[in-house]
Amino acid sequence: MAVAAPGQLNLEEPPSWGSRSVDCFEKLEQIGEGTYGQVYMAREIKTGEIVALKKIRMDNEREGFPITAIREIKILKKLHHDNVLQLKEIVTSPGPEKDEQGKPDGNKYKGSIYMVFEYMDHDLTGLADRPGMRFTVPQIKCYMRQLLTGLHYCHVNQVLHRDIKGSNLLIDNEGNLKLADFGLARSFSSDHNGNLTNRVITLWYRPPELLLGATKYGPAVDMWSVGCIFAELLYGKPILPGKNEPEQLTKIFELCGTPDEVNWPGVSKIPWYNNFKPSRPIKRRLREVFKLFDRHALELLERMLTLDPSQRISAKDALDAEYFWNDPLPCDPKSLPKYESSHEFQTKKKRQQLRQQEETAKRQKIQHPQPHARLPPIQQTGQPHPQIRPGPGQPIHNAPPSMAAGPSHHYGKPRGPSGGPSRYPQGGNPSGGYNPNRGGQGGGYGSGPYPQQGRGPPPYGGSGMPGTGGPRGGSGSGYGVGATSYPQGGPYGASGAGRGPNMMGGNRSQQHQHQQQYGGWQ
Ligand SMILES: Nc1ncnc2c1ncn2[C@@H]1O[C@H](COP(=O)(O)OP(=O)(O)OP(=O)(O)O)[C@@H](O)[C@H]1O
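In every chain, residue numbers begin from 1 and rise along the written sequence. Note on the predicted model: pLDDT of at least 70 is required for a residue's local features to be given, and 80 or more for side-chain atom pairs to be given and counted; whole-chain, interface and lining totals, by contrast, use all residues. The side-chain figures draw on all heavy atoms in the structure; neither hydrogens nor water molecules are used.

A.B. asks: Give me the sheet that holds strand E3 (residues 37–44): which residues, what numbers.
C.D. replies: The criterion for strand pairing is that DSSP finds at least two bridges linking the strands in question. Starting at the N terminus, helices and strands are each numbered in turn, a helix being any DSSP run of H or I of at least four residues and a strand any DSSP run of E of at least two. Overall, mixed pairing links the 6 strands, which are arranged E1-E5-E6-E4-E3-E2 in an open sheet. Of all the strands in the sheet, just strand E1 (20–21) and strand E2 (25–34) have a single pairing partner and so form its edges.

Here's what the structure looks like:
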């Protein structure tokens, strides 16, 4: 394999994995900082294509190339799906590392390795954190369906993601959602008998079985995380923000009730069950806490946030849920508005800058109190003119790609504990039309190729469907307008009565009794 000499570009050769130098790319801006390395937006010099470069952290030289990166590369090489982030190539940086004076440091050959990914404009957390951002119901359905489709593909191909969270769900300006960050992912098989680590999945999205110490588990762990994301999208903020593992379990029990041998056969045999067993049983309150969610959303959420992993809904069955087949239907991703790029890293940075600015302004005020309230405020130099930017949360229709991906325009706002839900959709379309376009059931977890979805092609909202035009909703949509109507101050607060009608209204009885899916992996 030809390796590019330091500073030289392999422009003639088609890129083969690991053969090219990172110098083939021009780094534009840092867009992410993860546990395992930095992520940059970059431009390929030859083609002008915008990509994301994820630098593999090699801090711990003694342990060699990080196992997480090896896993991620191995897994991503075998996954090819529209809803899974595509790894395009691996590139290397020319070693040896330069010292502080810019001279090569002979003792240190620390050439870096980068993964080259297709560039995505947003991650879900960054997008949701934009001030004034409200997702419409068709938009939430659209994202959820893509998330489930990508995850179903992974599970069918015997890959557990094990770190589903908003910042790992990347979204482009075509409305496509892709699963990213397979650093904690691993292959599994239904006959796998070995133990797996339970120290996976970011705490707020971690299922009860892992918190209770299970070391044999399957795709159901990802489905719990999906349930947390789903509720977060509807509710407007994370629903289970525990500070540590015991508190996380307590929050889960307060929402989902305590597990016992009746609702979760076998739970008492999970290693730490006795350590965490609450002194008295707690009733499940999910339906009460989220009673303002529409009926089909609540039904689906119930099945995702089921304590017993063997009874938790699978990605495939979730895609078949009434929620996705009733009005308002998921919108076509392409109909979603285009926003300026927003990644969690940048919105956090922006929030920090804003806080600093506010503190400086406060300090200045204390040092130089204004003698008269009517005097005009001191003009800050270097501030952009407010009119050159679109309003916060406003889509930038017709912006050329370079602007849409422009590095210097990011909005952020403090997301303090008092920041109540503000971005979930408002009242929905009461006319719940039924989509008859359904095929039979099919697929399931097995080896082999990715099966077709049971219901044939996904429905898209047709004309007149509320909110297909974007988060502000079209005329008469009823989405994204009006005051926030969900309870403030956390999901366990008093549930507000009389806050508007159920989105769907309807009274149809539940159609499907879903099969248990995960028994084999428990
Ligand atoms: N292909 C991409 N396009 C745009 N942004 C990206 C891309 N890949 C990653 N990012 C951004 O970088 C962030 C971190 O990336 P990633 O999760 O892959 O790294 P990580 O080191 O594993 O992070 P973590 O510790 O949060 O799991 C993402 O949340 C996202 O905002």
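That was the structure; now back to the text.
A.B. asks: Let's hear about helix H1 (residues 67–78): which residues, and what values?
C.D. replies: For the α-helix, the turn length of 3.6 residues means that residues three or four positions removed from each other point alike. In a regular helix each residue adds 1.5 Å, so 12 residues correspond to 16 Å; H1 covers 17 Å between its end C-alpha atoms and thus fits that length. Contact definition: two residues touch when any of their heavy atoms are within 4.5 Å. Those residues of H1 that are buried are in contact with strand E4 (50–56), strand E5 (87–92), strand E6 (113–118), strand E8 (159–160) and strand E11 (186–187). Take the number of residues in a helix, subtract one, and multiply by 1.5 Å to get its expected span.

A.B. asks: An account of the site of the ligand is requested, with residue identities and associated values reported.
C.D. replies: Residues are classed as near a molecule or strand on a simple rule: at least one heavy atom within 4 Å of it. Around the ligand sit 22 residues, and of these Thr 35, Lys 54, Asp 123, Ser 167 and Asp 181 come closest. Polar contacts, as counted here, are pairs of nitrogen or oxygen atoms within 3.5 Å of one another; within protein the pair requires one atom able to donate a hydrogen and one able to accept it, and residues that are adjacent in sequence qualify only if both atoms are side-chain atoms. One of the backbone N or O atoms of Glu 118 is found 2.8 Å from a nitrogen atom in the ligand. A distance of 2.9 Å separates an oxygen atom of the ligand from a polar side-chain atom of Asn 168. To measure how exposed things are, a 1.4 Å probe is used in the Shrake-Rupley method; for residues, cover is taken only from the protein chains shown. Notes on the ligand: free accessible area 600 Å², of which the protein chains cover 94%. Those elements that place two or more of their residues in the shell around the ligand are E2, E3, E4 and E6. In terms of residues, the shell around the ligand owes the most to one element, E2, which gives 3 residues. Each residue gets one label: Ala, Val, Leu, Ile, Met, Phe, Trp, Tyr, Cys and Pro are nonpolar, Asp, Glu, Lys and Arg are charged, and the others, such as Gly, are polar. Here the shell around the ligand is built from residues that sort into 9 nonpolar, 7 polar and 6 charged.

A.B. asks: Could you give an account of unusual backbone geometry, with specific residues and numbers?
C.D. replies: With an omega of -5°, the peptide bond running from Asp 327 to Pro 328 counts as cis. Turning to its location among the elements, Pro 328 is positioned in the loop between helix H10 (315–319) and helix H11 (344–367). Within the chain, Arg 162 stands out as a residue other than glycine whose phi angle is a positive 65°. Structurally, Arg 162 is set in the loop between E8 and strand E9 (169–171). The phi dihedral of Ile 201 is positive, around 75°, even though this residue is not glycine. Within the secondary structure, Ile 201 sits in the loop between E11 and helix H4 (208–211).

A.B. asks: Mind laying out the environment of Val 267, listing which residues take part and the relevant values?
C.D. replies: Looking at where Val 267 falls in the secondary structure, it is placed in the loop between helix H6 (245–256) and helix H7 (273–276). Only protein chains enter the accessibility calculation, which uses a 1.4 Å probe; a residue whose area is less than 20% of its type maximum is buried, one above 50% is exposed, and one in between is partly exposed. Val 267 sits in the buried class, given a relative accessible area of 0%. C-alpha separation for the pair Val 267 and Ala 214, spaced 53 residues apart in sequence, amounts to 9.5 Å. Dropping the residues within four chain positions of it, Val 267 is found in contact with Leu 212, Pro 259, Asp 260, Glu 261 and Tyr 273.

A.B. asks: A description of the pairing of E5 should follow, citing residues and the corresponding values.
C.D. replies: One ladder, built from 2 bridges, connects E1 with E5; its direction is parallel. Looking across to E5, one finds that Ser 21 is bridged to Thr 92. For E5 and E6, the ladder comprises 5 bridges, and the chain directions are antiparallel. Bridge assignment links Ile 90 to a residue of E6, and that residue is Met 115.

A.B. asks: Tell me about the pattern of salt bridges, residues and numbers included.
C.D. replies: One side-chain nitrogen of Lys or Arg within 4 Å of one carboxyl oxygen of Asp or Glu is enough to make a salt bridge. This model, assessed by the stated rule, comprises 18 salt bridges. Of the charged contacts in the structure, one is a salt bridge between Glu 245 and Arg 199, with a shortest N-O distance of 3.6 Å. Remark: Arg 199 occurs in the loop between E11 and H4 and Glu 245 occurs in helix H6; sequence separation between them is 46 residues. What makes Arg 199 exposed here is its relative accessible area of 54%. When the shortest N-O distance is used, the salt bridge between Arg 287 and Glu 302 registers 2.9 Å. Pair noted here: Arg 287 is in helix H8 (residues 286–289) and Glu 302 is in helix H9 (residues 295–304), with a separation of 15 residues, a long-range link. Taken together, the shared-partner salt bridges connect Arg 20, Glu 44 and Glu 89 into one network.

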